[in-house]
Every structure is written in structure tokens, then in C-alpha cells.
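Working through the structure, step by step
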Amino acid sequence: MLPKKKKDEDRKKFTTVSIPTPLFKKVEARIKDTGFTSVSSYVAYVLREIVAEVEDEEPFSEEDKERVKERLRALGYID
Amino acid sequence: MLRPHGGKLVNRKLSNSKCQETSEWSKDFDRIDVSAAVASDVENICKGVFSPLEGFMVRGELESVLHLMRLSNDLAWTIPILLDVSEDQAKKLDEGDELILAFNGEPLALMQLEEKYRFDHEELAHCTFGTSDSSHPGVAATKQMGLVFLGGKIDLINEPKGRYDHYKLAPIETRVLFEEKKWNTVVGFQTRNPPHLGHEYVQKTALAFVDGVFINPVIGKKKIGDFKDEVILKAYDALMTNYYLKESVVLSILPFEMRYAGPKEAIFHAIVRKNFGCTHFIVGRDHAGVGNFYGPFDAQAIFDEFSDLGISPLFFKSFFYCRRCSSVTSEKACPHPENCRISFSGTKIREMLSNGQIPPQELMRPEVAEVITQHPNPFVG
């Protein structure tokens, strides 16, 4: 078992970000009577939505595709 | 096409030449024999089914998953993927070692041992399943795990061989297949049962909104009373041959040992189907649940916490056959009273089948029922 202090440090996965107080208050009002329990959880939710829209996937090479198609044909998935 | 989870499809399969080299110089490495369930995890990691994972979880990753339901890089992830060993096995290993994971006497993967660590089984079970009750099969399995966990990246040397490999596609293959079929939107369907009419109704309802349906039964160790893998596959073959357009459906297996973690496993199942290239994922009543450990719609509610999952859940609530409507329908659509409705109770259908009775056509297609009743023992004993 890890010592408690080390365990707590490992679990501390949050940090502080500053936002203007008026914005904080607006968000606080907005999340009233919703499933969000804090401004932090709402801000994390919104940021994750934005951050998720990132770079494009690496395309497969033509060689990879041809090899895959051969197997798919052999298994009867494509004609 | 939809991005895999984390943006890149993991591919840690060694090339043939590297496999040969590795087999030569790794002869003196320590070997760990792994179970069929761990071998499936190894294959899934190395072929990108579990992208972005590149190996078994180290402690920091595990704690992040248990307490935040996210990997240390903040990507959504809800199920621990662990390699456990006994204390005796662990004593022989040092962090920084390379070792061979073997399955059925053959080298399966090369592992770079980054960390060996202990983790309280009770806490692991409680954080994963929301209970420490040993009557939960996932909790019971966790409590039987070895005392030491090994974390680190792995590379696949030899694919584990299975009886149903002709039904097994890797994410790169399903992605090319969906592209060939010109499917822009694909709904994934997770199952561990032969299909009844309710399943067909859900799949075909979803199909009205997307280009194709990807039926992806879980194959591997299940609990007593579950249907055997070959029965599930034959039943789906019968359904697809008789009632589906070939252009609209793909059947492929997922080798994986169910954890029965309910809501958390629903998120995990969605991530896996995203890696296969699905844009949507069907979540029904008590998805991946067992007994009464989870509420009937907990597995749907949890999706509210994952706005950045990158795959859209399609929720289905209760559906049934209505004698007055003469069709499968739902509470949202059917105005008729309870006594007109026949429910798709898995337990009832199982009871009928185990007594050799063919369920009525309102519940199960006769071709599907025939496959099951003709099997000498369709259930896991």
C-alpha cells in the first residue's frame, strides 16, 4: 500500500484556472437546476467539447488498404 | 471517417521479420503464461481495438481511470485493463525488464515492464463496479486476481488463434470495409445473446437513420447460463440470411471477457465501437449489467458525463410485442394496455429454449429458434 500522502498527491489531477468573476457568476446562474454540481464541472465539460475537435486521423496507406481488402474478400465481407 | 479514440489507431503488431528476430533474442527472457481473457486484451490493445492504450495500465493510469473515469491524458476511459501476476512470478521480474507473454505455450507478446505495483483488490472492485459484493461476477473475478500488477507497453508477436477467426475483424479492417460499403454513418450493436425480435427491432430502427449496422457480439468466457458463442453466431447468421439486406449489415466478433460493469462498461463498449469506425452506438436497458446491481437506465444516464466521447449513443427504453398493434413497439408509440403486450424477457425466452420449446414468432424468428433448439447444449454450463 502507498503512504496516504503519496496516494493523495497521485489522485490530485486538478489544477486552478482563473476566469473573470462576472463570467463565473453567469455560469453559476446557468447551471442552477441542471445536473452540473459546480462551475468547474461545467467549464471542464465545455472545454472538453472544444478540445475534442482536433487533428485528422492518419489515413491508411494504399498498400495497407489493398492488403486489408484482400482479407475482406477472402472472408466474404466484400465481393 | 470518424477518428479513433485519441486520434490515432494503435498498431503494435510486429512485422514477420521482427517477430522472427524477437523469437531469437528473447529466448532467455522471463515468460508469463496468460489466460485466454488476458490474451484477448493483448490482441485488442495491439490491434487498436483499445486505442489509445498501448499496453497494460500502470498505477497512475489505473488510479485516473478509477477515480476520474479518464486516462491520464484526460481521454474518457472507464474500465481498467490490467495484467496481474502472483507474488512469486513478480519476484523474478524487475522494472525495465522485457518479458514474453505466452498463451497456449506460444509467445504472444513482448512486454516492456514499466512498473510492477500492488493495488488493493477491494478498492479496485469497488471503484470499477460500484460494489464489493462478491456475488457480482466482476467483483468475484477481481478478488481472485494476482497480488501484483504489471504495467507497460506490449507488442504482438503471434495472434491468439480462436475457433471463430473467420468472424474476427480488426479496426483497420472494419474501417476499410465501411469505406468500401460507402457507409458514412454506422451504428454499433453490442450483444452476448442470440437475437430475439426486440433486438431486430432496435437494430432496424437505428438503421432507418444510419447507413449500416455493425453487429459485434462479445466472444469469450461468460457466466453460467449465458448462451454459448457458437450458438450466438449461428443464430445471427440465420437472422441475417433471412431478414437483413447484405448491404446494410456486418457481423464480426469482439474477443473480450465481459466485466459486467454496467454503466462504466457501456462507455467502454462505445469507445471500442468508435475505434471500429462506428459513429453511433446502441445502448439499451441495463446494458452490460448483472442482477440488480445497476438501475435499468444507469448505462444511458452516464453518457451525460461524457460530452467529448466522439460517438453518439442511441438510447432505447422498453419495447415489446403488442398483439393489438401486431408488431414490436414501445411505450412511446403503443396506446394499448399491458395485457396486450408480450415482453422480451431474456429469462423467459431462455426457459422456453432450455425446455426445448420454440418461442412464439412474436418473440423470436423461427430460423433463429431452430438453431438454438437444435444445439445439444446451447448454454454455458
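The structure under discussion appears in the preceding block.
Residues numbered from 1 in each chain as written. Chains lettered and ligands numbered in written order. Predicted model: local features only at pLDDT ≥ 70, side-chain atom pairs only at ≥ 80, totals over all residues. Heavy atoms only, no water.

**A look at the overall build of chain B**
Filter applied, for reference: Comment: elements are numbered from the N terminus, with helices defined as DSSP H or I runs of at least four residues and strands as E runs of at least two. Atoms considered for the radius of gyration are the C-alpha atoms alone. The globule rule reads 2.2 Å times the number of residues to the power 0.38. Burial here depends on accessible area, computed with a 1.4 Å probe over protein chains only, as a share of the maximum for the residue type. Under 20% is buried, over 50% is exposed, and the range in between is partly exposed. The contact definition used throughout considers only heavy atoms, calling two residues in contact when any of these lie within 4.5 Å. For the area figures, the Shrake-Rupley method with a 1.4 Å probe applies, and any residue is considered shielded solely by the protein chains shown.
Helix and strand content of chain B: 13 helices and 16 strands. In summary, chain B has a C-alpha radius of gyration of 21 Å against a globular reference of 21 Å for 381 residues, a match within 12%. In terms of its C-alpha atoms, chain B occupies a principal-axis envelope of roughly 70 × 45 × 45 Å. Burial status across chain B gives 57% buried among its 381 residues. Looking at chain B alone, contacts between residues at least 24 apart form 73% of all its contacts between residues at least 6 apart. By element, 48% of the accessible surface of chain B is carried by carbon and sulfur atoms, the whole surface being about 15900 Å².

**Considerations on the overall build of chain A**
When you go through chain A residue by residue, the secondary structure sums to four helices and zero strands. What you see in chain A, going N to C, is helices and strands ordered as α-α-α-α. The 79 residues of chain A split such that 16% are buried. Within the structure as shown, chain A displays about 6700 Å² of accessible surface, and the carbon and sulfur contribution to it stands at 55%.

**Thoughts on the pattern of salt bridges**
All names here are of chain B. What counts is decided by this rule: Between Lys or Arg on one side and Asp or Glu on the other, a salt bridge is scored when a side-chain nitrogen of the former is within 4 Å of a carboxyl oxygen of the latter.
Evaluated as defined, the whole model comprises 25 salt bridges over all chains. Note that lysine 47 and glutamate 159 form a salt bridge whose closest N and O atoms lie 3.0 Å from each other. Placement of lysine 47 in the loop between α2 (36–46) and β2 (55–56) and of glutamate 159 in the loop between β7 (148–156) and α7 (171–180) is noted, with a sequence separation of 112 residues between them. For lysine 47, a relative accessible area of 14% gives the class buried. Residue aspartate 88 pairs with lysine 91 through a salt bridge whose shortest N-O separation is 3.8 Å. Of the two residues, aspartate 88 and lysine 91 are both situated in helix α4 (residues 87–91); the distance of three residues between them amounts to about one turn of the helix.

**Overview of unusual backbone geometry**
Residue and element names in this part refer to chain B. Here the residue pair serine 51 and proline 52 is connected by a cis peptide bond, since its omega of 10 degrees sits within 30 degrees of zero. Locating proline 52 in the fold gives a position in the loop between α2 and β2. In the Ramachandran plot, aspartate 286 falls in the positive-phi region, its phi being about 50 degrees despite a non-glycine side chain. Position of aspartate 286 among the secondary structure elements: in the loop between β12 (280–283) and α11 (298–301). Of note in this structure, alanine 288 is not a glycine but carries a positive phi near 55 degrees. With respect to the helices and strands, alanine 288 occurs in the loop between β12 and α11. Assessed through its relative accessible area of 6%, alanine 288 is described here as buried.

**Observations concerning the packing of α7(B) against helix α10 (residues 263–276) of chain B**
Residue and element names in this part refer to chain B. Under the convention used in this document: In this description, a line fitted to the C-alpha atoms serves as the axis of each element, helices being fitted only across the stretch in contact, and the angle between N-to-C directions of two axes falls anywhere from 0 to 180 degrees. Each angle receives one of four descriptions, namely roughly parallel if under 35 degrees, roughly antiparallel if over 145, roughly perpendicular if within 65 to 115, and oblique otherwise. Any residue that is not Ala, Val, Leu, Ile, Met, Phe, Trp, Tyr, Cys, Pro, Asp, Glu, Lys or Arg is counted as polar, Gly included; the first ten are nonpolar and the last four charged.
Running from N to C, α7 and α10 point in directions that differ by 60 degrees, and their axes come no closer than 7 Å. Classified by the angle their axes make, α7 and α10 are oblique. Facing α7, whose interface residues are Pro171, Thr174, Arg175 and Phe178, α10 presents Lys274, Asn275 and Phe276. Broken down by class, the residue content of the contact of α7 with α10 amounts to three nonpolar, two polar and two charged.

**Considering the sheet that holds strand β16 (residues 341–343) of chain B**
Residue and element names in this part refer to chain B. Applicable threshold: Strands pair, by our definition, only if DSSP identifies at least two bridges between them.
In spatial order, the strands read β15-β14-β16; together these three strands make up an open sheet with antiparallel pairing. Since the sheet does not close on itself, it has two edges, and those belong to β15 (327–330) and β16, each with one partner. Strand-to-strand, the axes of this sheet are offset by a mean angle of 45 degrees, without reference to chain direction.

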